[in-house]
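# Working through the structure, step by step
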Amino acid sequence: MGPRPALRPYLLVLPALLLTCGILYPFGLGLFYTLFDFSASRPRPGLVGFGNYRTMLGEGAFWNSAWVTVLYAVGAAAAETVLGVSVALLLHRSSRIGRVLEKILILPLMIAPVIAAIMWKLMLQPSVGVVNHLLRPVGLGGVQWTDTPAGALLSSIAVDVWVYTPFVAILALAGLRSLPASPFEAAAVDGAGWWYTFRRLTLPMLWPYVLVAVIFRFMDSLKVFDIIYALTEGGPGDSTMVLQIRAYLEAIRFQRYSFGISYTIVLWAVVYLAAMVLVRHLGRVQRKAAEAR
Amino acid sequence: MDTHAHDRRRFLALTAATAATPLLAACGAGFGGADDKGDGSAADDVTGSFDWRRERGTTVKALLNKHPYTDALIADLKSFTGRTGIKVEYDVFPEDNYFDKLTVDLSSGRASYDVFMLGAYMVWQYGPPGWLEDLGPWMRNSAATGAEWDQDDFFPNLLQADQWSLKDGAPLGRGGQYALPWGWETNVVAYNTEVFGKLGLRPAETFDELRELAAAVKKKAPGAGYDGMYGIAVRGSRSWATIHPGFMTMYARNGLRDFTVDGGALKPAMNSPRAVAFTRDWADMVRHGGPPSWTSYTWYQCSGDLGAKKAAMLFDADTAAYFQAVPGASPASGKIAFHPGPKGPDGSLATNMWIWSLGMNARSRRKSASWLFLQWATGKEHLRRGALTHQHIDPVRRSISQDAAYKDKMRHLPGFLDTFEAVADRTRIQFTPQAQFFDATTSWAAALQEIYGGREAGQVLNGLAGDLARKVR
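As recorded by an unreviewed UniProt entry, chain B carries the name Sugar ABC transporter substrate-binding protein and is attributed to Streptomyces doudnae. The UniProt entry for chain B carries the following comment under Sequence similarities (unreviewed entry): "Belongs to the bacterial solute-binding protein 1 family."

Under an unreviewed UniProt entry, chain A has the name Sugar ABC transporter permease and belongs to Streptomyces doudnae. The UniProt entry for chain A carries the following text under Sequence similarities (unreviewed entry): "Belongs to the binding-protein-dependent transport system permease family."

A count of helices and strands for chain B gives 20 helices and 13 strands. In terms of overall dimensions, chain B is globule-like: its C-alpha atoms have a radius of gyration of 25 Å, near the 23 Å expected for 473 residues. Overall, the C-alpha framework of chain B stretches about 95 × 65 × 50 Å when taken along its three principal axes. Counting every position in chain B, which comprises 473 residues, the buried fraction comes to 51%.

The subject of this paragraph is the domain arrangement of chain B. Residue and element names in this part refer to chain B. Domain boundaries in chain B define domain 1 (53-185 + 353-428) and domain 2 (187-352 + 429-471). Computed from C-alpha atoms alone, the centre-to-centre distance between domain 1 and domain 2 is 27 Å. Between domain 1 and domain 2, the residue contacts involve 28 residues of the former and 29 residues of the latter. Those elements that place two or more of their residues in the side of domain 1 that touches domain 2 are α5 (122-126), β12 (351-360), α18 (416-424) and β13 (427-428). When residues of the side of domain 1 that touches domain 2 are assigned to their parent elements, the largest contribution, four residues, is made by α18. Across the side of domain 1 that touches domain 2, the residue classes break down as 17 nonpolar, six polar and five charged.

All names here are of chain A. UniProt annotation of "transmembrane region" (unreviewed entry) refers to residues 12-36, 66-92, 104-123, 161-180, 201-219 and 257-279 when read in the numbering used here. In the segment residues 12-36, helix accounts for 88% and strand for 0%; the C-alpha atoms at its two ends are 38 Å apart. When the span residues 257-279 is considered, its composition is 100% helix and 0% strand, and the gap between its end C-alpha atoms is 32 Å.

In this section: the interface of chain B and chain A. Tallying the contact residues gives 34 residues for chain B and 33 residues for chain A. Those elements that place two or more of their residues in the side of chain B that touches chain A are α1 (3-29), α4 (95-107) and α19 (437-452) of chain B. With six residues, α1(B) is the largest single contributor of residues to the side of chain B that touches chain A. For the side of chain B that touches chain A, the class distribution of residues is 15 nonpolar, 14 polar and five charged.

This brings us to the packing of helix α5 (residues 113-123) of chain A against helix α7 (residues 149-178) of chain A. All names here are of chain A. One way to put it is that α5 packs onto α7 with a least axis distance of 10 Å and a crossing angle of 130°. Of the possible angle classes, the one that applies to α5 and α7 is oblique. Remark: the crossing between α5 and α7 carries right-handed chirality. For the pair α5 and α7, the contacting residues are Pro-113, Ala-116, Ala-117 and Trp-120 in the first and Val-159, Trp-162 and Val-163 in the second.

Moving on, we get to the nonpolar core. If you look at the biggest cluster of nonpolar residues, it comprises 199 residues, and the most contacted ones within it are Ala172(A), Ala190(B), Met313(B), Leu314(B) and Phe373(B). Among the elements that make up this core, the one with the highest residue count is α7(A) (12 residues). The two domains that each donate at least three residues to this core are domain 1 (53-185 + 353-428) and domain 2 (187-352 + 429-471) of chain B. Beyond its immediate chain neighbours, meaning those up to four positions away, Met313(B) contacts Val189(B), Ala190(B), Tyr191(B), Ala214(B), Gly231(B), Ile232(B) and Ala233(B).

What follows deals with helix α1 (residues 8-33) of chain A. Given 3.6 residues per helical turn, the α-helix brings residues three or four places apart onto the same face. Taking 1.5 Å as the rise per residue, α1(A) with 26 residues should run 38 Å; its terminal C-alpha atoms sit 37 Å apart, in good agreement. Along α1(A), the helix axis deviates most sharply at Leu14(A), where the bend reaches about 45°; the proline Pro15(A) sits within four residues downstream.

As a further point, take the environment of Val396(B). Residues and elements named next belong to chain B. If you trace the backbone, Val-396 turns up in the loop between α15 (380-389) and α16 (398-401). Put simply, Val-396 and Phe-99 are 297 residues apart on the chain and 22 Å apart in space, counted from C-alpha to C-alpha. Discounting chain neighbours no more than four positions away, the residues touching Val-396 are Phe-154, Phe-155, Leu-158, Pro-181, Trp-182, Gly-183, Trp-184 and Leu-383.

A separate point is the pairing of strand β6 (residues 180-192) of chain B. Residue and element names in this part refer to chain B. For β6, the tally of buried residues reaches 13 of 13 residues, placing the bulk of the element in the interior. Summarising the sheet, β6 and β12 pair through six bridges and their orientation is antiparallel. Counted as the bridge partner of Glu-185 is Trp-354 from β12. Both β6 and strand β10 (residues 311-317) contribute to a ladder of five bridges, which runs antiparallel. The residue bridging Tyr-191 from the neighbouring strand is Met-313, located in β10.

Residue and element names in this part refer to chain B. Within chain B, residue pLDDT values average 91, and 92% of them lie at 70 or more. Note that residues 11-30 has pLDDT below 50 and, in this model, 13 contacts with residues that lie over four places away or in other chains. Of the regions scoring below 50 in pLDDT, residues 33-38 engages in 15 contacts with residues more than four places distant in sequence or in other chains. Model confidence for the complex: the whole-complex pTM is 0.87, and ipTM, which rates the interface, is 0.82.

So, how was this worked out
- Residues numbered from 1 in each chain as written.
- Chains lettered and ligands numbered in written order.
- Predicted model: local features only at pLDDT ≥ 70, side-chain atom pairs only at ≥ 80, totals over all residues.
- UniProt positions renumbered as here; feature names shortened; annotations may be inferred.
- Helix = DSSP H or I, 4+ residues; strand = E, 2+ residues; numbered from the N terminus.
- Rg over C-alpha atoms; globule rule 2.2 N^0.38 Å.
- Buried ≥ 20, exposed ≤ 12 C-beta atoms within 10 Å, placed from the backbone.
- Domains from an automatic or database assignment.
- Contact = placed C-beta atoms within 7 Å.
- Nonpolar A, V, L, I, M, F, W, Y, C, P; charged D, E, K, R; others polar.
- Axes fitted to C-alpha atoms, helices over the stretch in contact; angles between N-to-C directions.
- Parallel < 35°, antiparallel > 145°, perpendicular 65-115°, else oblique.
- Left-handed = near helix turned anticlockwise from the far one by under 90°.
- Core = buried A, V, L, I, M, F, W, Y, C linked by C-beta atoms within 7 Å.
- Expected span 1.5 Å × (residues − 1).
- Bend = angle between axes of the 7 residues up to and from the residue.
- Pairing = 2+ DSSP bridges.
- pLDDT = per-residue confidence, 0-100.

Here it is as structure tokens:
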């Protein structure tokens, strides 16, 4: 005999509920801690209300980290989108080579980002790294990739792009393969050129797939930790000090728990708002694309 | 009436209440950490005559950092178990994440590990929350401590470095003994004798000479058959560990301080005019005589470059050079010599130190057995064996540093013993003890990177001092 019908809905929802509680409990606890000045030196903390947030928002270090985080996320997501879609278009055109390259393309995704960052750190090493070795014949063998603020940020973005461009390419390729053939055949009959077809047909119909990739990559890049920490530790100076690394340093290294968690709560709010805006936009785009078909 | 909807509401309300319970409990139960410190020490429970086998059958858990000193300890554990009947279980982590692991473990309030390795600086972070056992009562209790342990045999500056009153700015050497020195490192200059011989160079006696020497080597060495060689390896990563070896040693030899203490209040002093000038010169030395990609340099890269003949000099822990200098260890072994390094303007050889120490978890439930382990690990017998048959060099005990067999072992390294003798008594912690040490020195390293990158030293260090003044009170 099965469970009573009245209980069934609750039993069905129970796993999801438990999972949600597992996520919400530490989140709620973290939020609660930010209202205190809890640190290793104050194991019996006092209530400070929104004092941690006020202090954080009043510090130049926070605004620097926020700016670096946005630069990183926008830069990485934009570059990955452009490159990923371009690669997908190329693979879509040449079927036999495309099938081989697809398999190779997926390799960076199989490497843990922190391993990729360490690998690139060695390759970008100015004196013994392979990148400068290859650039030496063209007179660029002395580039200090991660020693300057701009170089460190660009190098970090480049590693992110190397790891995640295949993700965007695979999503875009799946999108390309799912597009209906008839509009393209009609365009060909009418003598439309490649650029015209791409601009007026391919891109509008592909856009929902691209936007999904952008949402994933932008959200993920806002939360970046591993690649930057392994490559530059947030330096030189504070030039690659994103919010996640700052939160880690404050909470774990310097043991100002409440203050460190405040950083993660603000980051969560930023990610949440950005996700909300992008997902709404995705809904509109999907409706438009459906109408176009 | 829709009873289903009513039930659903009640169910959700109950669930919310269940989820909120731990949150609310946290309000009343506090935030974890060690807040149940009693007045007495567990050492007082040990009475009668001293007996190594008092805790036989017990198992002690140790957290260790991957290090040659650790290898010597692990290789000798059988003799400890044989003597005491105590088994030691251990976990070894690489240095990159060792302290994060230890910090998280201690802050969780659990007693996963009874004993662990730590640096003397960590006492300033782990001591105030009450995570470290005060070992003073154990040392003073003759029932717990054997006479042969001989506290007076330790270099006094080392024992004092692990002793603190837990008050920011208060000098070391007073208050509780929160760890025991086990292995240490002085910060001196090691250099490649082959390169120096070919280029007709001599070790620098002043900081100005060191800067010129580093730049000269970087310029001349490639032409003398050392392709890609640079002058001096010093740490540069965005980490507290960048500040404490060569930089702090030279800083202290110039008579400079990190903080001044006025009426118990700390005031950052790294932006004084002389400190700014020194820091600018240090960054300038690295720019003209240091390694490429300096901002990622930890001791691994510095030590490796000396061994690989990429660096002509290393200003860092003597052990970092020693491990490259021993026969067969690196292409440069047999060609590495030691020198105390440049003196300060007044001839000072003040040197900053790093001490690998051993501490006990204040929450350990096996304190008596743990103390026997600490006593054995810092005792004469094990440390002598570690120094002679393994690579546990830089003895924390005077008797071992004077031991004829130890001197014989180290004699083949040019200048090692003389350098050790020259700086041993002048080596102490040159930082002001305070709980925000890691934040202060990490920010200091970031400032150093910015100055190296071309920003104006005075402006950067004023910013750093202003920031630290708010954090360190």
